[in-house]
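Fold and geometry: a report
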Amino acid sequence: MAVVVSGIRPTGMLHLGNYFGAVKSFLQMQEKHDCFFFIADIHSLTTHPTPENLHSNVKQVLAEHLAMGIDPDKCALFIQSDVPAISELYTYMNMNAYIGELERSVTYKEKKASQPKNINAGLLTYPVLMAVDILVHHAEFVPVGKDQQQHLEMTRQFGNRFNNLYNTDYFKEPQAYSNTGELVKVPGLTGKGKMSKSSGDEDTIVFDQDDKTITKKIMRAKTDTGPTELNQAKSEEIQNLFDLMALVSDTSTISHFDDLYAKAEIRYGDLKKQLAEDVLKFVSPIREKINYYKKWPALLSGVIL
Ligand code: ADP
Ligand code: TRP
């Protein structure tokens, strides 16, 4: 049985990107591997330092994991800060990471730009803490979305450097994993890149919002003025809508809209209406379960004892 590790930050409600980029692989892997899934609350302090939000977000994300089918009888489900070994190894591993390579991290550069008033040292050493999360369990596979690829490369770098320095083979080389065979990037609704908890409410399809709100967001998703020629290439925002459809709609629906696009006869309103309908079909049963778990705080605390 391979050891599998992955974490999700409690920085807001989970969205389609988290599900298709990470949780869907967790579900597959908990059936046959030795899995450690956790809520990365220490990581979230680099961007979300307020305690009230942190506590409620941990509960939210925990309820969401259970609702999506993560089963505490099949895997270890825990909170990062409950494991002191992680903070301990983080101290040591910081001596194996060079400032120059940390400064080249894409997420560090993005966060520096998005929160210029709080460029804390934790943002810079974020990849070290993530490496420790993984290395401490000697993980072989790490189910994550495409945005985490660079962090995985850094994890291997730090682990190997430690092994070379101390002449050991103590740390294993972990690989990023996706149930689809290729790391996934779910786009947002505003045409600006990946869906993310921090990219704004209008960009993100979350599980724990009502039908009306979700439908409204999808109907407002960015589009272009429409194809003017046969078989025209799709713009980024239109490709994004088709990519979202590929996650939740059946193949005949997708080819129906693909054909209409190729014939330059597509009406984006119809495309979005169909997308909203298929998203809701997928999201609503999970949302019902989230609400069920949120009503049982004792059950939630029992899971992470
Ligand atoms: P967010 O970026 O929304 O704050 P996290 O950083 O906590 O979410 O990510 C948790 C997991 O979900 C990671 O494995 C990450 O790669 C994955 N993930 C997040 N957003 C997406 C996305 N848009 N597409 C694919 N995977 C994603
Ligand atoms: N950095 C990841 C993210 O932002 C979350 C995370 C923290 C993680 N530690 C991890 C993911 C360890 C996989 C393994 O999405």
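One can find the structure itself at the top, above this paragraph.
Position labels on residues start from 1 in each chain and follow its written sequence. Naming scheme: in the order in which they are written, chains are lettered from A and ligands are numbered from 1. Reporting of local features is limited, given that this is a predicted model, to residues whose pLDDT is at least 70; pairs of side-chain atoms are given and counted only at 80 or more, and all residues count toward the totals for whole chains, interfaces and linings. Where side-chain values are given, they derive from all heavy atoms of the structure, hydrogens and water being excluded.

Points about the state of the cysteines
The term disulfide refers to a covalent linkage connecting the sulfur atoms of a pair of cysteines. Here, a disulfide means two cysteine sulfur atoms that sit within 2.5 Å of each other. Tallied over the full model, the rule gives zero disulfides. Between Cys35, a free cysteine, and Cys75, which holds the nearest cysteine sulfur, the sulfur-to-sulfur gap is 6.3 Å. Type-normalised accessible area, obtained with a 1.4 Å probe on protein chains alone, sets the label of each residue: buried when under 20%, exposed when over 50%, and partly exposed for intermediate values. Residue Cys75 is classed as buried on the basis of its relative accessible area, which comes to 7%.

Focus: the site of ligand 1
If you check the shell around ligand 1, you find 19 residues, and the closest are His15, Asp147, Lys194, Met195 and Lys197. In this structure, His15 approaches ligand 1 through a side-chain N or O atom, which is 2.7 Å from an oxygen atom. Under the rule applied, a polar contact is a pair of N or O atoms within 3.5 Å (in protein, one hydrogen donor and one hydrogen acceptor; residues adjacent in sequence only if both atoms are side-chain atoms). With respect to ligand 1, the backbone of Met195 contributes an N or O atom lying 2.8 Å from a nitrogen atom. Areas reported as accessible are Shrake-Rupley estimates using a 1.4 Å probe. Residue values count occlusion only from the protein chains shown. Protein contact buries 96% of the 530 Å² of open area that ligand 1 shows by itself. For each structure, a 1 Å grid was placed over the protein atoms alone; sets of points admitting a 1.4 Å probe that cannot get out are labelled cavities, open sets with protein on both sides within 12 Å along at least five of seven lines are labelled pockets, and lining residues have an atom within 4 Å of a point. In this scheme, a molecule is assigned to a cavity or pocket if more than half of its atoms are within 2 Å of the grid points. Placement of ligand 1 is best described as lying within the largest pocket. Side-chain classes are defined by residue name, with Ala, Val, Leu, Ile, Met, Phe, Trp, Tyr, Cys and Pro counting as nonpolar, Asp, Glu, Lys and Arg as charged, and the others, Gly among them, as polar. Its residues assigned to classes, the shell around ligand 1 shows six nonpolar, eight polar and five charged. For this purpose, a residue is taken to be near a molecule or strand whenever a single non-hydrogen atom of the residue falls within 4 Å of it.

Examining the packing of helix 3 (residues 51-68) against helix 13 (residues 268-294)
Axis lines are fitted to C-alpha atoms, over the contacting stretch for helices. Their N-to-C directions set the angle, which ranges from 0 to 180 degrees. Here a helix means four or more residues in a row that DSSP labels H or I, a strand means two or more in a row labelled E, and each is numbered from the N terminus. Remark: helix 3 packs on helix 13, axes separated minimally by 8 Å, with the N-to-C direction vectors making an angle of 130°. In terms of their interaxial angle, helix 3 and helix 13 are classed as oblique. Helix-helix and strand crossings are classified by hand; for helix 3 and helix 13 the assignment is right-handed. Only Ile286, Lys289, Ile290, Tyr293 and Lys294 of helix 13 make contact with helix 3, whose side of the interface consists of Gln60, Ala63, Glu64, Leu66, Ala67 and Met68. Roughly parallel refers to an angle under 35 degrees, roughly antiparallel to one over 145, roughly perpendicular to one between 65 and 115, and oblique to any angle outside these ranges. Should the near helix be turned anticlockwise from the far one by less than a right angle, the crossing is termed left-handed; should it be turned clockwise, right-handed. Any two residues whose heavy atoms approach within 4.5 Å at even a single point are treated as in contact.

Points about the site of ligand 2
Around ligand 2 there are 13 residues in total, and His43, Tyr126, Met130, Asp133 and Gln148 lie nearest to it. Residue Tyr126 places a side-chain N or O atom 2.7 Å away from a nitrogen atom belonging to ligand 2. Considering ligand 2 on its own, with 360 Å² of exposed area, one finds that the protein chains cover 90% of that surface. Put simply, ligand 2 lies in the largest pocket. Looking at the shell around ligand 2, the elements that each hand over two or more residues are strand 1 (3-8) and helix 8 (126-135). Considering each element in turn, the shell around ligand 2 owes the most residues, four residues, to helix 8. Here the residues of the shell around ligand 2 are counted per class, giving seven nonpolar, four polar and two charged.

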